Amino acid sequence: MSVKTRPTTRPAARRNTRPDTRSDTRPPTRSTENPGLRLDIQGLRAVAVTLVVLDHAGVARLGGGYVGVDVFFVISGFLITSLLVRELTTRDGLSIRGFYARRALRLLPASTLVVVTTLAGSWLFLSRVRFEEYAGDAVSSALYAVNFRLAAAGTDYLAEGSPPSPFQHFWSLAVEEQFYVVWPLLLLLTWRLSRGRRALLAIPLAALCVLSLVLSVTVTEEAPSWAYFGSHTRIWELGAGALLALAADQLQLLPSKLAAPMTWTGLACIATAGVAYGNETPFPGYYALLPVLGTVLVLAGGCAPSRGDAQVLLARAPLVWLGGLSYGWYLWHWPLLVIGPAALGRLPETTTTELSLLLCALALLLAWATLHLLENPIRFHARFRSRPGRALRLGATLSTVAALLAATAYAFPPPIDSGRPARDLKRELAKAATPERRLSQLVEASTGNGNLSLPSNLAPPLPEIKPTRSAVYRDGCHVAYDATSAPACEYGDPASDRVVVLFGDSHAAQWFPALNRLALERGWRLVSLTKASCKAAKVTLRRFGGPYAECDTWRARAVERITEMRPALVIVSSSDAGEPMTPEADPVSQWTNGLRMTYAELGESGARVVALLDTPWPRTDAVDCAALYSLHLTRCANRLPGAIRDESRRTATLRAARSAGASVIDPVPWLCTGGGDCPVLVGNTIVYRDDSHVADAFAEAVAPVLGDRLTEVLGIG
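Here the structure is a predicted model, which means the values were calculated and not measured.

Trainee: Please explain the overall build of the protein as it appears in this structure.
Mentor: Looking only at helices and strands, the protein features 30 helices and 13 strands. Relative to the globule expectation of 27 Å for 717 residues, the C-alpha radius of gyration of the protein, 29 Å, shows essentially globular dimensions. Its C-alpha atoms give the protein principal-axis dimensions of about 90 × 50 × 45 Å. Expressed as a percentage of its 717 residues, the buried residues of the protein come to 57%. For the protein, the proportion of contacts with a sequence separation of at least 24, taken over those separated by at least 6, is 81%. Within the structure as shown, the protein displays about 28,000 Å² of accessible surface, and the carbon and sulfur contribution to it stands at 59%. A distance of 9 Å separates the average location of the 71 positive side-chain charges in the protein from that of its 60 negative side-chain charges.

The following block contains the structure:
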């Protein structure tokens, strides 16, 4: 799962039953058919869900459309609390069973249908390698816990760049329901203790909101995925709407000259966040304040409707209609965007914005059908009216059925087709007199006709490639983004005087299996010093819109440590991805200078320095593609020069190495043919584990090739 594809919240249609105390001189903002329904809120739902959908569809200039999440959280807190307070006021009590019965009837019929349909679509069309993961997401979605599952997955560095789950959008529904497990009980208890005084009702909620906001800010810096998906960092947004509901009676007295500008200012805040924010915005944190404040202003100003306020726009019939479909549109659009292209035979990178918008239009049609053929007939059926027990049993049944279906699918994943056995790559290279020549022959043989298929002796099996972690990951030696120092990680022969250091980012760490094998065979002491997305070049990188200072600190300390240990050899490698914080007019010179300084400092230790160039990149996630097209693997192959991520970085590396006296090893011939074809399978081994990193099995298999090159270039044996 991808941590950078912004998932979104569920826009659920709710009713506000606050009494209408507006004077006759103020314009109507309520439906004449349902006087408890604020039309401006329906329109605000439409604005929020449109931001979300267009962002997911890839529409330019709406990279912050995920703020629709925050808008819906505030709306939900406002409307649900309004209903609860009205019940407390009129009945001097609260039916917890009735509350959850209404939630079940409103949410579960549609969500269960979408869970089951998405599960079937995933089984038929999505990666067979990931199906067990998706089935687990389906189970946790049915049980309102998928946000925790996604947050935990987001902390896995190796999962970055993975395609998002088709169930990812259920995270916000989980957050809401977790909040509503606690909030009605807390509200009822506070009501009893405060004897119905609203000012006192707000105290515990306000304290909870402050705590949650503080957590949101701190956790966003320390653990972004937990900040984004966690309920503890989102409660304050729902709480902001709830606090607003507690003050609704006073807000009705706002003067028109204040209420109207509030609504337009609020809309401007939401629009600004939607346009100005993007994937690099550290969200939620402080940045969530803007859309939350904007939503609060729209809702607060709308409590005192006046001529010229935002209801002129929000209460328009098209927006009100769309707001009524927002829950269903949200539920359907994301699975269609994830599954639809695969069902049409499209790879993710070939999906156009036009196709995405077409799929979103289809999702809107499904939302309309779901509302009229499923949601409303069940929600308003006489069998469940005033019978919360039946509604709760229906809800429990729906959730249980969805979870059981997903668990059953998990136990019976779709098969992965395979063909005849292929040459054993590791064995072939181990026994070859000239491993590099034999590797070239096997690479050439893997670029055959369009019927090239997964072999029956694939090693390791496709489902095991992604979960496999080399020792540097298992031992915590490949340090995370926020680390500024590296642990002492030594492999091979710890008593050896010949020290070899592996230094760089994850594209250096990908070669650890090969170097570890060589270290064991040749009696080296191998020291691994690698950090997530931290380039070897002395160039400050950009991360989340600011400087990646942790990388600069870690790099300096790592170089100092290498100098102190005086190794025989330092192998330096970095991905060609990543942007400098302050780009220069001549990027080649910028990277050349940064790399030259690093190579020179490493050379001062007396070590021989090898610049191992970045590997070619596959077209897409190689394992997922192989699972989708297991009998037509040539559809997954990439070609040169497109497989080179950044030719200017290669040029900079070559210039810097030449200037600093470092040697260069180019792995391109190990992964691509002379004609430029770069397959995802060589012999019986998948080349890549994702959309950029070499798979552990392939790296270990080509160890003899790397060993020969080190001997040839440096005489290191």
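Here the narrative resumes.
Trainee: How do you make sense of the state of the cysteines when you look at a structure like this?
Mentor: Any covalent bond linking the sulfur atoms of two cysteines counts as a disulfide. Summed over all chains, the structure comprises four disulfides. Across the disulfide from Cys 534 sits Cys 551; the S-S distance is 2.0 Å. Taking the sign of the torsion about the S-S bond as the criterion, the disulfide between Cys 534 and Cys 551, at about 85 degrees, is right-handed. On the criterion of sequence distance, the pair formed by Cys 534 in the loop between strand S4 (525–531) and strand S5 (542–543) and Cys 551 in helix H24 (residues 549–565) is long-range, its members being 17 residues apart.

Trainee: Is there a simple way to explain the nonpolar core in this structure?
Mentor: Taken as a class, soluble globular proteins show a tendency for nonpolar side chains to be buried jointly. Membership of the largest hydrophobic core comes to 110 residues, with the highest contact counts inside it found for Leu 44, Trp 171 and Trp 329. Of all the elements, helix H2 (residues 68–91) adds the most residues to this core, at twelve residues. Residues Leu 425, Leu 439, Val 443 and Leu 612 belong to the second largest nonpolar core, which totals 54 residues.

Trainee: What am I meant to see in the packing of aromatic side chains here?
Mentor: The description of an aromatic ring pair uses the distance of the two centres, along with the angle that the planes make with each other. One pass over the full model with this rule turns up 18 aromatic pairs. Look at Trp 171 and Tyr 228: their rings are 5.4 Å apart centre to centre, the planes differ by 45 degrees, and that puts the pair in the tilted class. With Trp 171 in helix H6 (residues 171–194) and Tyr 228 in helix H8 (residues 224–229), this residue pair connects regions lying 57 residues apart in the sequence. On the basis of relative accessible area, Tyr 228 is assigned to the buried category, the value being 4%. Between Trp 171 and Phe 229, the aromatic rings sit 5.5 Å apart at their centres with planes inclined by 85 degrees, giving edge-to-face as the arrangement. Within this pair, whereas Trp 171 is found in helix H6, its partner Phe 229 is found in helix H8, the two being separated by 58 residues in sequence. Overall, the relative accessible area of 0% leaves Trp 171 in the buried class. Using a relative accessible area of 3% as the deciding quantity, one classes Phe 229 as buried. Of the aromatic side chains, those joined through ring pairs into one cluster are Tyr 66, Phe 73, Trp 171, Tyr 228, Phe 229, Tyr 277, Phe 283 and Tyr 287. For the cation-ring pair, Arg 234 lies above Tyr 228, with the distance from its terminal atom to the ring centre recorded as 4.8 Å.

Trainee: Just to check I follow, could you spell out the pattern of salt bridges for this structure?
Mentor: Two side chains with opposite charge may pair up if their charged atoms get near one another. The final tally for this structure, using the stated rule, is 29 salt bridges. Residue Glu 87 pairs with Arg 91 through a salt bridge whose shortest N-O separation is 3.7 Å. Of the two residues, Glu 87 and Arg 91 both sit in helix H2, four residues apart, roughly one turn of that helix. We classify Arg 91 as exposed; its relative accessible area is 63%. A salt bridge links Asp 621 to Arg 130; its shortest N-O distance comes to 3.3 Å. With a gap of 491 residues between them, Asp 621 in the loop between strand S8 (608–612) and helix H26 (622–628) and Arg 130 in the loop between helix H3 (96–125) and helix H4 (131–142) connect regions that are remote in the sequence.

Trainee: For this particular structure, what's the right way to read the packing of H3 against helix H17 (residues 388–411)?
Mentor: Angle between the axes and distance between the axes: these two values describe a pair of packed helices. Relative orientation of the contacting elements H3 and H17 amounts to 25 degrees, with a least axis distance of 8 Å. Taken together, the axes of H3 and H17 lie roughly parallel to each other. For H3 against H17, the interelement crossing comes out left-handed. Together, Arg 97, Gly 98, Tyr 100, Ala 101, Ala 104, Leu 105, Leu 108, Pro 109, Thr 112, Val 115, Val 116 and Leu 119 of H3 and Pro 388, Gly 389, Ala 391, Leu 392, Leu 394, Gly 395, Leu 398, Ser 399, Ala 402, Leu 405, Ala 406 and Ala 409 of H17 make up the contact between the two elements. Across the contact of H3 with H17, the residue classes tally to 18 nonpolar, five polar and one charged.

Trainee: Explain the side chain of Ser 82 here, please?
Mentor: The residue Ser 82 is located in helix H2 in this model. Residue class for Ser 82 comes out buried when judged on its relative accessible area of 11%. At a separation of 2.7 Å, a polar atom in the side chain of Ser 82 contacts the main-chain carbonyl oxygen of Phe 78.

Trainee: I keep staring at the packing of helix H1 (residues 39–56) against helix H14 (residues 317–324) and nothing clicks. Help me out?
Mentor: Between H1 and H14, the shortest axis-to-axis distance is 7 Å and the interhelical angle comes to 70 degrees. Considering the angle they form, H1 stands roughly perpendicular to H14. The segment H1 lies against H14, with Leu 39, Gln 42, Gly 43, Arg 45, Ala 46 and Thr 50 engaging Leu 319, Val 320, Leu 322, Gly 323 and Gly 324. Here the residues of the contact of H1 with H14 sort into five nonpolar, five polar and one charged.

Trainee: For this particular structure, what's the right way to read unusual backbone geometry?
Mentor: Leave glycine aside and you will find that most residues have negative phi; peptide bonds, for their part, are mostly trans. Geometrically, the link from Phe 283 to Pro 284 is a cis peptide bond, its omega value of 10 degrees lying close to zero. Checked against the element boundaries, Pro 284 lands in the loop between helix H11 (256–276) and helix H12 (289–302). The step from Leu 640 to Pro 641 runs through a cis peptide bond, and the omega angle for that step is 5 degrees. One can find Pro 641 in the loop between strand S9 (638–639) and helix H27 (647–660). Positive phi values are uncommon outside glycine, yet Arg 61 reaches one of about 70 degrees. With respect to the helices and strands, Arg 61 occurs in the loop between H1 and H2. Judged by relative accessible area, Arg 61 falls into the exposed class, the value being 62%.

Trainee: Sorry if this is basic, but what is going on with the environment of Ser 528 here?
Mentor: By secondary structure assignment, the location of Ser 528 is in strand S4. Residues contacting Ser 528, with those up to four places away along its chain left out, are Val 472, Cys 489 and Leu 502.

Trainee: Could you clarify how one ought to interpret a nonpolar patch on the surface in this entry?
Mentor: A cluster of nonpolar side chains, namely Val 116, Val 401 and Leu 405, defines an oily patch on the protein surface of about 210 Å² accessible area. The residue Val 116 is located in helix H3 in this model. We classify Val 116 as partly exposed; its relative accessible area is 30%.

Trainee: Where do I start with helix H5 (residues 146–154) in this structure?
Mentor: For an α-helix, 3.6 residues make a turn, and residues three or four places apart therefore share a direction. Looking only at H5, the buried set comprises Val 146, Asn 147, Leu 150, Ala 151, Ala 153 and Gly 154. One side of H5 holds all its buried residues, which, seen down the axis, span an arc of 165 degrees. Close packing links the buried residues of H5 with H4, H6 and H8.

Trainee: How should H27 be read in this particular structure?
Mentor: For H27, with 14 residues, the first-to-last C-alpha span of 20 Å sits near the 20 Å given by 1.5 Å per residue. Where H27 is concerned, the buried positions are Arg 649, Arg 650, Ala 652, Thr 653, Ala 656 and Ala 657. Relative to the axis of H27, the buried residues are bounded by an arc of 160 degrees and lie together on one face. On its buried face, H27 sits against helix H25 (587–603), S8, strand S10 (663–665) and helix H28 (668–671). Taken from the residues just after H27, Gly 661 is the one with a positive phi, measuring 80 degrees.

Rules used in this analysis
- Residues numbered from 1 in each chain as written.
- Predicted model: local features only at pLDDT ≥ 70, side-chain atom pairs only at ≥ 80, totals over all residues.
- Heavy atoms only, no water.
- Helix = DSSP H or I, 4+ residues; strand = E, 2+ residues; numbered from the N terminus.
- Rg over C-alpha atoms; globule rule 2.2 N^0.38 Å.
- Buried < 20%, exposed > 50% of the residue type's maximum accessible area, 1.4 Å probe, protein only.
- Contact = heavy atoms within 4.5 Å.
- Areas by Shrake-Rupley, 256 points an atom, 1.4 Å probe, with all protein chains shown as cover.
- Lys, Arg positive; Asp, Glu negative; His and termini not counted.
- Charge placed at Lys NZ, Arg CZ, Asp CG, Glu CD.
- Disulfide = S-S within 2.5 Å.
- Core = buried A, V, L, I, M, F, W, Y, C linked by side-chain atoms within 4.5 Å.
- Phe/Tyr/Trp six-rings, centres within 6.5 Å; stacked < 30°, edge-to-face > 60°.
- Lys NZ or Arg CZ within 6 Å of the ring centre and 35° of its normal.
- Salt bridge = Lys/Arg side-chain N within 4 Å of Asp/Glu carboxyl O.
- Axes fitted to C-alpha atoms, helices over the stretch in contact; angles between N-to-C directions.
- Parallel < 35°, antiparallel > 145°, perpendicular 65-115°, else oblique.
- Left-handed = near helix turned anticlockwise from the far one by under 90°.
- Nonpolar A, V, L, I, M, F, W, Y, C, P; charged D, E, K, R; others polar.
- Polar contact = N/O pair within 3.5 Å; in protein donor to acceptor, adjacent residues only side chain to side chain.
- Patch = residues over 30% accessible without salt bridge, like charges linked within 9 Å, V, L, I, M, F, W, Y side chains within 5 Å.
- Arc of directions from axis to C-beta.
- Expected span 1.5 Å × (residues − 1).

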